Amino acid sequence: MDDVERDRTAIADAIEKSRNCIVLTGLRLGGSDEGDISHQRGEWVRKGGLENLLTRPAEFWEYYEPVANVIAKREPHPAHFALAEMQRAGHVQSLITQAVDRLHARAGSEDVIEVHGNVISLRCDRCGERYGLGELPGLRSAAEDGVPRCTTDGCGFPLRPAGTLWGEPLIANAVERAWQLAGEADLFVVLDSELRTVPISLLPSVPLTRETPLVIVGEVPTQYDRYAEVVIREPAAGVVVDVAQILAARAEDEPAT
């Protein structure tokens, strides 16, 4: 057994022994966070942040709409489906994700905690109405200033993206749920998260204080690597698929009861 096979087998062994495996995925499963435009510091911060929405809303929406459409066109890949299959098989209980593209849910995963929300819906902070990204062009064209507004009778409040923007805190109830799950885990797996942004960067410390095993897979080193039982320094997508296949093969080999 070579090192590649040994590492994947070690992860499969840990997951198989676990009864409450919690998985955290970064902005882009299968690559580093730097590959995601919503994580870049330059143009996204200036044009796609909260300050621009509040002070220059027309400019914000001019920038945000095409970026959101690019993200919304992404399709789930085999790693998303592999995680969903492991969840259906009872190997993974819940997913926490920094992704904003809803690909985990589209692949069939349940109980997905989106700490950043998503970019494919809009909301009205006055009346709570929700809108899909596909409605944005019509809402913008209906406004003289290009700023989408709520169409609920008597409202007309400017809309905003449902997800977290640069310059504002993450979604409070999602973060609270993420911390709860981390505290209950008997195995915590990190996939392609660079663990650089508070409070999610602190999440692995919760299971570690309870001596819960930690697994980290990703190209970029993290501050928790020294504490992890298994560290694989490569994009997580292929690793996830391989581990899912190992677990599925073991299930097929189990004698019928």
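Check the entry above for the structure.
Everything quoted here is computed from the prediction, not taken from an experiment. (Residues numbered from 1 in each chain as written. Predicted model: local features only at pLDDT ≥ 70, side-chain atom pairs only at ≥ 80, totals over all residues. Heavy atoms only, no water.)

**Q** Looking at this structure, I do not really get empty space enclosed by the protein. What am I missing?
**A** One water molecule sets the probe size; rolling that probe over the atoms shows where empty space is left. Considering all chains together, one arrives at two cavities of 30 Å³ or more under this definition. One number sums up the size of the largest cavity: a volume of about 90 Å³. Together, 13 residues line the largest cavity, and Ile15, Met86, Val189, Leu191 and Val240 are the ones closest to its centre. Considering only residue class, the lining of the largest cavity consists of 13 nonpolar, no polar and no charged. (1 Å grid on protein atoms, 1.4 Å probe; cavity = no way out; pocket = protein on both sides within 12 Å on 5 of 7 lines; lining within 4 Å. Points joined across faces, edges and corners; volume = space filled by probe spheres on them. Nonpolar A, V, L, I, M, F, W, Y, C, P; charged D, E, K, R; others polar.)

**Q** For this particular structure, what's the right way to read helix H1 (residues 3-17)?
**A** The end-to-end C-alpha distance of H1 is 21 Å, a good match for the 21 Å that 15 residues give at a rise of 1.5 Å each. Buried within H1 are the following residues: Arg8, Thr9, Ile11, Ala12, Ala14 and Ile15. On its buried side, H1 packs onto strand E1 (21-25), helix H5 (78-88), strand E7 (187-191), strand E8 (214-217), strand E9 (230-232) and helix H10 (236-253). (Helix = DSSP H or I, 4+ residues; strand = E, 2+ residues; numbered from the N terminus. Expected span 1.5 Å × (residues − 1). Buried < 20%, exposed > 50% of the residue type's maximum accessible area, 1.4 Å probe, protein only. Contact = heavy atoms within 4.5 Å.)

**Q** Whenever I open this one, the pattern of salt bridges confuses me. Can you help?
**A** It is possible for side chains bearing opposite charge to pair when their charged atoms get close. Evaluation of the coordinates by the stated rule reveals 17 salt bridges. Between Arg250 and Glu16 there is a salt bridge, with the nearest N and O atoms lying 2.7 Å from each other. Of the two residues, Arg250 is situated in helix H10 and Glu16 in helix H1; the sequence distance between them amounts to 234 residues. Between Arg140 and Glu62 there is a salt bridge whose closest N-O contact spans 2.9 Å. With Arg140 in helix H7 (residues 136-141) and Glu62 in helix H4 (residues 57-72), this residue pair connects regions lying 78 residues apart in the sequence. Note on Arg140: relative accessible area 16%, which makes it buried. Through salt bridges with shared partners, a single network forms among Arg8, Glu234 and Asp242. (Salt bridge = Lys/Arg side-chain N within 4 Å of Asp/Glu carboxyl O.)

**Q** What is the right way to read the side chain of Thr222 from this model?
**A** Within the element layout of this structure, Thr222 appears in the loop between E8 and E9. For Thr222, a relative accessible area of 11% gives the class buried. In terms of polar contacts, Thr222 uses its side chain to reach the side chain of Asp225, at 2.7 Å. Setting aside chain neighbours within four positions, we find Thr222 in contact with Ser193, Glu194, Leu195, Ile216 and Arg233. (Polar contact = N/O pair within 3.5 Å; in protein donor to acceptor, adjacent residues only side chain to side chain.)

**Q** Just checking my understanding: could you explain the layout of surface pockets for this structure?
**A** Put simply, the second largest pocket is a space of about 170 Å³. Lining the second largest pocket we find Leu50, Leu53, Leu54, Pro57, Asp125, Val147, Arg149, Phe157, Pro158, Leu159 and Arg160. Sort the elements by how many residues they give to the lining of the second largest pocket and helix H3 (residues 50-55) lands first, with three residues.

**Q** Sorry, what's going on with the sheet that holds E7 here?
**A** Backbone-to-backbone hydrogen bonds join strands into a sheet, with any given pair of strands oriented parallel or antiparallel. Spatially, six strands are ordered E3-E2-E1-E7-E8-E9 in an open sheet, and the strand pairing comes out parallel. Since the sheet does not close on itself, it has two edges, and those belong to strand E3 (112-114) and E9, each with one partner. Pairwise comparison of adjacent strand axes, ignoring direction, gives a mean angle of 15° for this sheet. Here five bridges tie E1 to E7, and the two strands are oriented parallel to one another. Looking across to E7, one finds that Leu24 is bridged to Val190. Across the sheet, H1 touches E1, E7, E8 and E9, and the angle it forms with E9 is around 135°. (Pairing = 2+ DSSP bridges. Axes fitted to C-alpha atoms, helices over the stretch in contact; angles between N-to-C directions.)

**Q** Help me understand the sheet that holds strand E4 (residues 121-123), please; the structure alone is not making it clear to me.
**A** What the three strands build is an open sheet, ordered E5-E4-E6; its pairing is antiparallel. The open sheet has two edge strands, strand E5 (130-132) and strand E6 (160-161), and neither has a second partner. Taken together, the two bridges between E4 and E6 define a ladder with antiparallel strand orientation. Following the sheet pairing, Arg123 is matched in E6 by Arg160.

**Q** Teacher, can you tell me more about the nonpolar core here?
**A** A general trend in soluble globular proteins is that nonpolar side chains are found buried together. If you look at the biggest cluster of nonpolar residues, it comprises 27 residues, and the most contacted ones within it are Ile11, Met86 and Leu191. Element by element, the count of residues in this core is highest for H10, at seven residues. Ranked by size, the runner-up nonpolar core spans 23 residues in total, among them Leu50, Val67, Cys155 and Leu159. (Core = buried A, V, L, I, M, F, W, Y, C linked by side-chain atoms within 4.5 Å.)

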